[in-house]
Amino acid sequence: MKPNRLIKATSPYLLQHALNPVDWFEWNEEALTKAQQENKPILVSIGYSSCHWCHVMEKQSFENEDIAALMNEFFVCIKVDREERPDIDQVYMEAVQAMGANGGWPLNVFLTPDQKPFFGGTYFSPKAWAQVLININKAYNEKRDQVLASAEELRTILASNDIERFKQQNTINDLKQEIQQAYQSTAPKFDKTWGGIDKAPKFIMPSVWQWLLRYYNITKNEEAITHLNLTLKRILYGGIYDQVGGGFARYSVDREWFAPHFEKMLYDNAQLLSLYAEAYSVTKDTEYKRAVQETFDWLEREMKDPEGAYYAALDADSEGEEGKFYIWTDEELKSVLRENYETAIHHFECTSEGNWEHGNNILKRKADSELDNNLLDKIKSELITVRDKRPKPGLDDKILSGWNALTIIGLTDSYRYLQDEKYLQAAKNVLSFIENKLLKENVLYRSYKDKTSPTEAFLDDYATLIAAYIAMQQVTLDESYLVKAKAITTSVIDNYFDATDGFFFYSAKQDLIARKKEVFDNVISSSNSMMARNLILLGQVFENDQWLKIADQMIKSLANVLRSELNYTANWGMAAMELYHSRAEVVLTGKNLFEKVNTLQSVFLPFTLLLKANENGEISLAKGKTNEETNLKIYVCFNKTCKLPVNTIEEALTQLG
């Protein structure tokens, strides 16, 4: 089979389609110009490497010579990896939803030659897809005026200002009252039996539970920490957590966290390192510590690039079957575990007939099982040795700047709260990769596979990198990380900020029919909420009132939504806490500083910023306190006013309250 143009792509997802008989283009000027010159509609097909139904549609339709011939004759066909070009996905997903269809992937959208959508959907069977191609071609040629009118109407909807739909100027009054309202609106939705929010399918939504940790830190509400622990334990005991190899699947199809959609995404696991490390710092529950350790081990074993960064995703499928890599028959378990078989099947709640479909078992954890750690490690080791010999799920080995920046944050949190140097070294390796391969003079690029993608990064990539620099400074106390964060933030404001409504565009320039803004938090927090948190911290550190004002206005615009829809505004809720709760700035100096600082770092202090005294730096609060000759000296400061310095961590914690 002769390869098509996608053979030159950097995306593993596009490369999977490089031998299709479809005359695929990447989204580029060549494709868009061809559509204009030939007056042909554009077919944009959007998916990603670990998308099950994307693979199904490729096998059924895009590898079919007859169907491909229809596509090539009638359309200019463009393949898009939504993880490489989320800006394109945003625009056309919204278009399909505006047409009244449910969104999802694969996303197949038909556009006029000037990129305006007029019809779209998700998965189509081969017969239905062939009929759609014929019908769309006929409609475009015979009813073009109607098609163009419909497309223009959709363009108008897409071009409307997202923010104005919900923006109101509110005030944030008493913080405890505000967050209490948010908690009270969310608590009735808690699943009191299985944890999380009471619905199915269940996504973990890390920022909701990180918000709840901070809510507990402020209010000491026992109901909140009880539900948090229930949620984190039920997730760890479910099939959504890989009981053998560590790491978390993307979501559970049921409310019990039992049967996952087996794909594993870097962005989930990066954030769950942070969540479980923070929860460990608050509760000292060793099961949370184990979850961090096992997830890190999985990242190192299955997801790590030789140069230190991490790959994007593992497919759900292997050998054409979803979950096959992870499931076990009773016979397999007997063969592998031998004398530990009975103990293991009790612990993992397996049955001889299978606890899942077709006689298979998904390993989960019996809640009251008290298995000795050494024996559990031995059982897991035996299982993973056998499992690793199976054909592995497909690996999407592109390296995404934003997802790797999230991983830096997860690794620094793991180092901070578990006090193991390997996490910090891994974080430094990732950052080194980003700086060497993806960052050039404050311009960040989205993706890397064998070479840097020409696509400039999007707001979420920049926002997470800024946050990663801040996280690195917090564990190393190296001010240069904050200086780098400040430089990139300045560039982002210059290129992404929209002064007309006070929010940030998702892309740096207008090269699609609409330039969107991402506002509501999802499994990954919204890029605008991440920028708000960055502006608050950097604005306070560098005394930049303009940055603080931007963040304040953004949060106030969303105050009403914040109070009522925590599930989609949790990161905004953390931003509000950080802006309106008194943030302590702790300046440390002394010759034995680094012997002592780990003790302070390991305490959960979400509203405390640690700084090292530095006479020659850019942070004014860190000046005038340098004394490398004396023993540890700690200055606890609120609102640029410092208390009397103390000499022990215990005294500093007392001052912090």
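See the structure printed just above.
Residues numbered from 1 in each chain as written. Predicted model: local features only at pLDDT ≥ 70, side-chain atom pairs only at ≥ 80, totals over all residues. Heavy atoms only, no water.

Visitor: Any chance you could explain the overall build of the protein here in plain terms?
Guide: Along its length, the protein carries 25 helices and 22 strands. Here the C-alpha atoms of the protein give a radius of gyration of 26 Å, agreeing with the 26 Å that 2.2 N^0.38 yields for 657 residues. Overall, the C-alpha framework of the protein stretches about 80 × 70 × 45 Å when taken along its three principal axes. Put simply, the protein has 657 residues, and 60% of those count as buried. For the protein, restricting intrachain contacts to residue pairs at least 6 apart in sequence, the fraction spanning at least 24 positions comes to 69%. Counting 74 positive and 94 negative side-chain charges, the protein places the averaged centre of each group 2 Å from the other. (Helix = DSSP H or I, 4+ residues; strand = E, 2+ residues; numbered from the N terminus. Rg over C-alpha atoms; globule rule 2.2 N^0.38 Å. Buried < 20%, exposed > 50% of the residue type's maximum accessible area, 1.4 Å probe, protein only. Contact = heavy atoms within 4.5 Å. Lys, Arg positive; Asp, Glu negative; His and termini not counted. Charge placed at Lys NZ, Arg CZ, Asp CG, Glu CD.)

Visitor: Got a minute to help me understand the sheet that holds strand S8 (residues 264-265) in this structure?
Guide: What holds strands together in a sheet is hydrogen bonding between their backbones, with the strands either parallel or antiparallel. One open sheet accounts for 3 strands, arranged S8-S9-S12; its pairing is antiparallel. Of all strands in the sheet, those bounded by a partner on one side alone are S8 and strand S12 (395-396). Bridge count between strand S9 (residues 313-314) and S12: 2 bridges; the pairing is antiparallel. Residue pairing in the sheet places Ala313 in a bridge with Asp396 of S12. (Pairing = 2+ DSSP bridges.)

Visitor: How do you make sense of the packing of helix H18 (residues 459-476) against helix H19 (residues 479-496) when you look at a structure like this?
Guide: Any two packed helices are characterised by how steeply their axes cross, that is the angle between the axes, and by the distance between the axes. Where H18 contacts H19, the two axes come as close as 8 Å, and the packing angle between them is 160°. By the angle between their directions, the pair H18 and H19 is classed as roughly antiparallel. For the element pair H18 and H19, the recorded crossing hand is left-handed. Each of Leu459, Tyr462, Leu465, Ile466, Tyr469, Ile470, Met472, Gln473 and Thr476 in H18 lies in contact with H19, whose residues at this interface are Glu479, Tyr481, Leu482, Lys484, Ala485, Ile488, Thr489, Val492 and Tyr496. Residue classes in the contact of H18 with H19 are distributed as 13 nonpolar, 3 polar and 2 charged. (Axes fitted to C-alpha atoms, helices over the stretch in contact; angles between N-to-C directions. Parallel < 35°, antiparallel > 145°, perpendicular 65-115°, else oblique. Left-handed = near helix turned anticlockwise from the far one by under 90°. Nonpolar A, V, L, I, M, F, W, Y, C, P; charged D, E, K, R; others polar.)

Visitor: Explain helix H4 (residues 65-74) to me, please; I cannot follow it from the model alone.
Guide: An α-helical segment advances 3.6 residues per turn. Residues three or four places apart therefore align on the same side. Inspection of H4 places Ile67, Ala68, Leu70, Met71 and Phe74 among the buried residues, and these make up the whole buried set. The buried residues of H4 occupy an angular sector of 155° when projected down its axis, which confines them to one face. Seen from the open side of H4, the exposed residues pointing more than 90 degrees away from its buried face are Asp66 and Glu73. Summarising the contacts, the buried residues of H4 are in contact with strand S1 (42-47), helix H3 (52-62), strand S2 (76-81) and helix H6 (126-142). Structurally, the start of H4 carries an N-cap: the backbone nitrogen of Asp66 is 2.9 Å from a side-chain oxygen of Asn64. (Arc of directions from axis to C-beta. Polar contact = N/O pair within 3.5 Å; in protein donor to acceptor, adjacent residues only side chain to side chain.)

Visitor: So what exactly am I meant to see when it comes to unusual backbone geometry here?
Guide: A negative phi angle characterises most non-glycine residues, just as the trans form characterises most peptide bonds. With an omega dihedral of 5°, the bond running from Trp105 to Pro106 counts as a cis peptide bond. Structurally, the position occupied by Pro106 is in the loop between helix H5 (86-98) and strand S3 (107-111). Cis geometry marks the peptide bond from Ala200 to Pro201, where omega comes out at -5°. Inspection of the secondary structure assignment puts Pro201 in the loop between helix H8 (175-186) and strand S5 (202-203). One non-glycine residue, Glu319, lies in positive phi territory at about 50°. You can see Glu319 is positioned in the loop between strand S10 (317-318) and strand S11 (321-322). Residue classification places Glu319 among the exposed positions, given a relative accessible area of 52%.

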